[in-house]
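# Report on the structure
Each chain, letter by letter, is given below.
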Amino acid sequence: MTQLLTGARWREELTAELKDNILGYWLKNTVDEKYFGYIGEIASSGEKLPEADKGLVLHARIMWTFASAYRLYKDETYLNASKRAYEALKTHFRDPEHGGLYWLIDINGAAVSDKKQVYGQAFVIYALSEYVRVTGDQEALAWAEEIYRLLEKHAYDPVHLGYVEALARDWTETDELSLSGKDLNERKSMNTHLHVLEAYTNLYRVWKPEGLKAKLKELIEVHLDKIIDANTDHFLLFFDDEWHSKAPHVSYGHDIEGSWLLWEAAEVLGDESLLPRVKEAAVRMAKATLEQGVDEDGGLFNEYDGHHLDDSKDWWPQAEAMVGFLNAYQLSGEAKYLEAAKHSWSFISNFVSDREGGEWHWQVTRAGEPVANANQPKVGQWKCPYHNSRACIEVLERLEHLKSEV
């Protein structure tokens, strides 16, 4: 089936998916007219939970998504949607006393969790930078710079490099480090470092001081030297301060996502001495993911813990696979990666995209059946329009450069 998917057809399908099924869903269903910003949760059944707490990551990702959509289409509706999330972040999530942003707030704007999770701060930098890319807004840029400096002052490890997972509201040490209930309570993680890398990459697009340039280069090298397992070409996931690995798990979605985000960072940085090394690492990671993590139907498995395979398929690894494999094709010229990217889209289109309710299912079984789970909402702190919209945007932009090949 995917052999018949031409570049033109692929672009047509992705455009419809992005504008109608993803962005259209969020515009229609998630704007919180009663309180502020966006509704904190919509159940997998479609039931809206208007009193649900509001997550920092959700609002930052919505802001990024619609700023990026505006960059692509110049539709004022998208820009206004991004501005709405921006105002919620600025007015309700921002800590007026200590700087940075709260992790979780209620519908009245009171902090439910006021710790400074570095992952969350990074996503605000990412969103603000995208907003600056499309508006040139200097207030947004100044705020992104402020958060960057707070992270460098309080979260950076000058001895062993990298960044601690979380700090208390006043940026002092905390024992509550874990990002979510499924994450280890360790000092450092791959996930946080990957998204600090992503945030600093986007910030460097709009602000180029030498200090940020040096930090971005260092972050790329930290991934190459400490986070990628040289023996397996997978990411290691959790670490102590000195970068001793604390878990044997493999996250296929993070591996393929990291492969293209590392290349993007190296390209934006423009350090010629790093590019060959990052290119090699990115292709190796894509190869390992393709050989070990992809099912016969093109779907990407969730995780492998060293003994057991979690063969269910969450929405976000599928999105990242489509981009990561296309990126590997662009870097290597090997047709197997282009086919893998097309298979990813085929799997998404056939099984993950919710044609009845809109948006994407959180998870499907190995057989492709949607999983109805109260802990897997359609909209929530982690279920945002970022992975799937970004995948569509990335692939659409890349296909523009590959028209004669695909």
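Located above this text is the structure these notes cover.
Residues numbered from 1 in each chain as written. Predicted model: local features only at pLDDT ≥ 70, side-chain atom pairs only at ≥ 80, totals over all residues. Heavy atoms only, no water.

Despite not being glycine, Asp-233 has its phi angle at roughly 65°, a positive value. Here Asp-233 is to be found in the loop between helix H7 (210-227) and strand E7 (238-239). Classification of Asp-233 as buried rests on a relative accessible area of 16%. Phi angles above zero are rare outside glycine, and Glu-359 is one such case at about 60°. Here Glu-359 is to be found in the loop between helix H11 (335-352) and strand E12 (363-364). The exposure class of Glu-359 is buried, given its relative accessible area of 0%. (Helix = DSSP H or I, 4+ residues; strand = E, 2+ residues; numbered from the N terminus. Buried < 20%, exposed > 50% of the residue type's maximum accessible area, 1.4 Å probe, protein only.)

With that settled, the discussion passes to the packing of H7 against helix H8 (residues 252-269). Two numbers describe how H7 lies on H8: the axes approach to 10 Å, and their chain directions differ by 150°. One way to sum up the angle between H7 and H8 is to call them roughly antiparallel. In this structure, H7 meets H8 at a crossing whose hand is left-handed. Where H7 approaches H8, its residues Lys-213, Leu-216, Lys-217, Ile-220 and His-223 are matched on the opposing element by Leu-262, Ala-265, Ala-266 and Leu-269. Considering only residue class, the contact of H7 with H8 consists of six nonpolar, one polar and two charged. (Axes fitted to C-alpha atoms, helices over the stretch in contact; angles between N-to-C directions. Parallel < 35°, antiparallel > 145°, perpendicular 65-115°, else oblique. Left-handed = near helix turned anticlockwise from the far one by under 90°. Contact = heavy atoms within 4.5 Å. Nonpolar A, V, L, I, M, F, W, Y, C, P; charged D, E, K, R; others polar.)

The subject of this paragraph is helix H9 (residues 275-293). With 19 residues, H9 should cover 27 Å at 1.5 Å per step; its first-to-last C-alpha distance of 26 Å lies within 8% of that length. Of all the positions in H9, only Leu-275, Val-278, Ala-281, Ala-282, Val-283, Met-285, Ala-286, Ala-288, Thr-289, Leu-290 and Gly-293 are classed as buried. (Expected span 1.5 Å × (residues − 1).)

On to the nonpolar core. Membership of the largest hydrophobic core comes to 144 residues, with the highest contact counts inside it found for Trp-10, Leu-14, Leu-128, Tyr-200, Ile-220, Phe-235 and Phe-325. Ranked by residues supplied to this core, first place goes to helix H4 (residues 118-135) with 12 residues. Residues contacting Trp-10, with those up to four places away along its chain left out, are Leu-5, Met-322, Leu-338, Ala-341, Lys-342, Trp-345, Val-395, Leu-399 and Val-406. (Core = buried A, V, L, I, M, F, W, Y, C linked by side-chain atoms within 4.5 Å.)

Keep in mind these values describe shape, not function.
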